[in-house]
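# Close look at the chain arrangement
Next come the chains, spelled out residue by residue.
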Amino acid sequence: MTFETIRYEVEDAIATITMNRPHRLNAFTYEMGDEIMAAFDAADADDAVKAVIVTGESPAFCAGADLATGVETFDMVSQTQHEGTFDPKDPKWRDRGGVLNLRIWNSLKPVIAAINGASVGIGATMILPMDIRLASVDAKFAYPFARRGIVWDGCASWFLPRVVGISTAMDWGLTGRTFPAAEAYEAGLVARVMPAEDLMAEARDRARQIAERCSPVSLAMMRRMAWRMQGAAHPMEAHRVETLGILEAGMGEDAKEGVMSFLEKRPPEFPGKVSSDLPSWHPWWDEAGENY
């Protein structure tokens, strides 16, 4: 696949998406968003891909929206070249950061963020629907929307309080201040902070543990179950879905392989494929409100 603003590489069952505009600190453009989504489409469609890593070409992860267009940066009419009167009910006007983050949230493959530098604005919101977030000691974060005269993007008003709690989300969002990797770790935004030279090795190690030891079908279901239950009103909703999952998976070939590979002390070779073997009752949620 040929991209202009990212690199997409697959090796050892791991897809790596690298934002590749280092001359602009990997600042986000609509083209970059479209290419990242296309890369996720490719990863989901490829049964050989078991995990996805997202990172940025040094020296940054993503420094936020590209401000090169000046005062028109956040003007959707200007930036998207759409014609006609603004209509919030028309999907063409949807926040592109939100469209991207919902695509990441809907990934069938586990997603690891390897945050190697500045992670600002959409660069700090796109990491929120990722499953495991690792950062180098050089990483810095900011949600500066109020300082730019706009509001949250990327569904951050939903994701961030669920990841770090409402008080921390309000502190970061309402001040717009920049904070270091150590604070991100203390708040639970990232799982681990390490020297820059160790970051990709650690990300690939996590991805290898996923790719070599876990059922792809189990992974797809588990990440969707956990994320979907963030909005559940009662644990009974989780119980119902987990019961369906355990009953069906427990009779399947992946469960047999998981048990036998453990007893025989060998690496598993799960036969199930995400492309064809997700359970018949998936998706279990009502998608009526998600067709906006």
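Residues numbered from 1 in each chain as written. Predicted model: local features only at pLDDT ≥ 70, side-chain atom pairs only at ≥ 80, totals over all residues. Heavy atoms only, no water.

## Examining the overall build of the protein chain
The helix and strand tally for the protein chain stands at twelve helices and nine strands. Burial statistics for the protein chain: of 292 residues in total, 45% are counted as buried. Within the protein chain, counting contacts between residues at least 6 apart in sequence, those at least 24 apart form 69% of the total. Of the accessible surface of the protein chain, which amounts to about 14700 Å², a share of 55% is contributed by carbon and sulfur atoms. Across the protein chain, 29 positive and 42 negative side-chain charges occur, with their mean positions spaced 3 Å apart. (Helix = DSSP H or I, 4+ residues; strand = E, 2+ residues; numbered from the N terminus. Buried < 20%, exposed > 50% of the residue type's maximum accessible area, 1.4 Å probe, protein only. Contact = heavy atoms within 4.5 Å. Areas by Shrake-Rupley, 256 points an atom, 1.4 Å probe, with all protein chains shown as cover. Lys, Arg positive; Asp, Glu negative; His and termini not counted. Charge placed at Lys NZ, Arg CZ, Asp CG, Glu CD.)

## As for the pattern of salt bridges
Close approach of charged atoms allows side chains of opposite charge to pair. A complete count under the given rule lists 14 salt bridges for this structure. Between aspartate 66 and arginine 21 there is a salt bridge; the shortest N-O distance is 2.9 Å. Of the two residues, aspartate 66 sits in the loop between β3 (51-56) and α2 (76-80) while arginine 21 sits in the loop between β2 (14-19) and α1 (30-45), which places them 45 residues apart along the sequence. In this structure aspartate 66 comes out as buried when scored by relative accessible area, which is 13%. The closest approach of N and O atoms between arginine 177 and aspartate 171, which form a salt bridge, is 2.8 Å. (Salt bridge = Lys/Arg side-chain N within 4 Å of Asp/Glu carboxyl O.)

## Some thoughts on the environment of phenylalanine 262
Relative to the elements of secondary structure, phenylalanine 262 occurs in helix α11 (residues 253-263). Taking the relative accessible area as the measure of exposure, phenylalanine 262 reaches 65% and is therefore exposed. Expressed as a C-alpha distance, the spacing of phenylalanine 262 and alanine 15, which sit 247 residues apart in the sequence, is 27 Å.

## Quick look at the packing of aromatic side chains
Counted under the stated rule, the structure contains eleven aromatic pairs. Note on phenylalanine 159 and tryptophan 227: the rings are 5.5 Å apart at their centroids and 85° apart in plane angle, and the pair reads as edge-to-face. Highlighted residues: phenylalanine 159 in helix α5 (residues 156-164) and tryptophan 227 in helix α9 (residues 216-228), separated in sequence by 68 residues. Residues phenylalanine 159 and tryptophan 227 agree in their burial class; the two are buried. Centre to centre, the rings of tryptophan 284 and tryptophan 285 are 4.7 Å apart; their planes meet at 85°, and the pair counts as edge-to-face. Taking relative accessible area as the criterion, tryptophan 285 reaches 14% and is therefore assigned buried. (Phe/Tyr/Trp six-rings, centres within 6.5 Å; stacked < 30°, edge-to-face > 60°.)

## Considering the packing of α1 against helix α3 (residues 96-105)
At a minimum axis distance of 10 Å, the contact between α1 and α3 shows a crossing angle of 15°. Between α1 and α3, the crossing angle belongs to the class labelled roughly parallel. In the packing of α1 onto α3, the handedness of the crossing is left-handed. On α3, the residues that touch Tyr30, Gly33, Asp34, Ile36, Met37, Phe40, Asp41 and Asp44 of α1 are Arg96, Val99, Leu100, Arg103 and Ile104. In terms of residue class, the contact of α1 with α3 is made up of seven nonpolar, one polar and five charged. (Axes fitted to C-alpha atoms, helices over the stretch in contact; angles between N-to-C directions. Parallel < 35°, antiparallel > 145°, perpendicular 65-115°, else oblique. Left-handed = near helix turned anticlockwise from the far one by under 90°. Nonpolar A, V, L, I, M, F, W, Y, C, P; charged D, E, K, R; others polar.)

## Considering a negative patch on the surface
Together, Glu9, Glu11, Asp12 and Glu212 make up a negatively charged patch on the protein surface. Tracing the chain through its elements places glutamate 11 in strand β1 (residues 6-11). (Patch = residues over 30% accessible without salt bridge, like charges linked within 9 Å, V, L, I, M, F, W, Y side chains within 5 Å.)

## Quick word on the nonpolar core
Ranked by internal contacts, the top residues of the largest apolar core, which has 50 residues, are Met126, Phe141 and Leu189. In terms of residue count, the dominant contributor to this core is α1 (seven residues). Residue contacts for methionine 126: discarding those within four places in its chain leaves Met19, Phe28, Ile36, Phe61, Cys62, Leu100, Asn101 and Ile104. Core analysis: the second largest hydrophobic core is formed by twelve residues, Ile112, Ala114, Met194 and Leu199 among them. (Core = buried A, V, L, I, M, F, W, Y, C linked by side-chain atoms within 4.5 Å.)

## Describing the environment of glutamate 212
Tracing the backbone shows glutamate 212 in helix α8 (residues 199-213). As for glutamate 212 and alanine 38, which are separated by 174 residues in sequence, their C-alpha atoms are 25 Å apart.

## Looking at the sheet that holds strand β9 (residues 192-194)
Strands belonging to one sheet form pairs held by backbone hydrogen bonds; the direction of such a pair is parallel or antiparallel. Ordered by their spatial adjacency, six strands build an open sheet running β1-β2-β3-β4-β6-β9, and the pairing between neighbours is mixed. Among the strands making up the open sheet, the edge pair consists of β1 and β9. If you compare each strand with its neighbour and ignore which way they point, the axes differ by 20° on average. Pairing of β3 with strand β4 (residues 111-115), which is carried by three bridges, proceeds in the parallel orientation. Paired with valine 54 across the two strands is alanine 113, which belongs to β4. In this fold α1 packs onto β1, β2, β3 and β4, with an angle of close to 15° to the strand it touches most, β1. (Pairing = 2+ DSSP bridges.)

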